[in-house]
Amino acid sequence: MSEIDWDALHARAVEASSRAYVPYSRFPVGAAALVDDGRIVAGANIENAAYGVTLCAECSLVSEMVMGGGGRLVAFACVNGAGERLMPCGRCRQLLSEHAAPGMLLDTVSGIRTMEEVLPDAFGPAALDDYTEHQRSSTRG
């Protein structure tokens, strides 16, 4: 994988924020990520009158990636409507972690960070595999 073009990711996130659907909060968010196959995917927050079903920008980004052929996220940027960097919330960090390539980088408010730095000790597929193996081992007795 070549050098990450953070300026291009930031610009794509800003563009995505302009497409956000935010009639309630009026707080547009855009996200963009580099996928391990070289694609750049993007997403924006999409609000709903039933607030609990609102989609974060990260959700629409991951949906675009999966529907576009899958892959793993290599680098990620997120901005508000003014183009200022945002840190993904805990729920979105978990979502990103599920789809992260090893060593995934995030452009955060405190600089470039790894996924492990922004979500230490993440719960993921390996935890489920460990549990299943433990269950098998304990039933063999």
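For the structure itself, consult the block above.
The text that follows walks through the structure, step by step, so that each part is easy to find. Quick caveat: nothing in here was measured; it's all calculated off a predicted structure. (Residues numbered from 1 in each chain as written. Predicted model: local features only at pLDDT ≥ 70, side-chain atom pairs only at ≥ 80, totals over all residues. Heavy atoms only, no water.)

Thoughts on the side chain of asparagine 45
- Looking at the secondary structure, you find asparagine 45 in the loop between β2 (40-44) and α2 (57-67).
- Its relative accessible area of 8% is what places asparagine 45 among the buried residues.
- Within polar-contact distance, the side chain of asparagine 45 engages the backbone oxygen of phenylalanine 27 at 3.0 Å.
- Separated by 2.7 Å, the side chain of asparagine 45 and the backbone nitrogen of valine 29 make a polar contact.
- Among all residues touching asparagine 45, those that are not within four sequence positions of it are Ala20, Tyr21, Val22, Phe27, Pro28, Val29, Leu55, Cys56 and Ala57. (Helix = DSSP H or I, 4+ residues; strand = E, 2+ residues; numbered from the N terminus. Buried < 20%, exposed > 50% of the residue type's maximum accessible area, 1.4 Å probe, protein only. Polar contact = N/O pair within 3.5 Å; in protein donor to acceptor, adjacent residues only side chain to side chain. Contact = heavy atoms within 4.5 Å.)

Observations concerning the pattern of salt bridges
- Counting across every chain of the model gives 3 salt bridges.
- Residue arginine 39 pairs with aspartate 37 through a salt bridge whose shortest N-O separation is 2.8 Å.
- Overall, the relative accessible area of 22% leaves arginine 39 in the partly exposed class. (Salt bridge = Lys/Arg side-chain N within 4 Å of Asp/Glu carboxyl O.)

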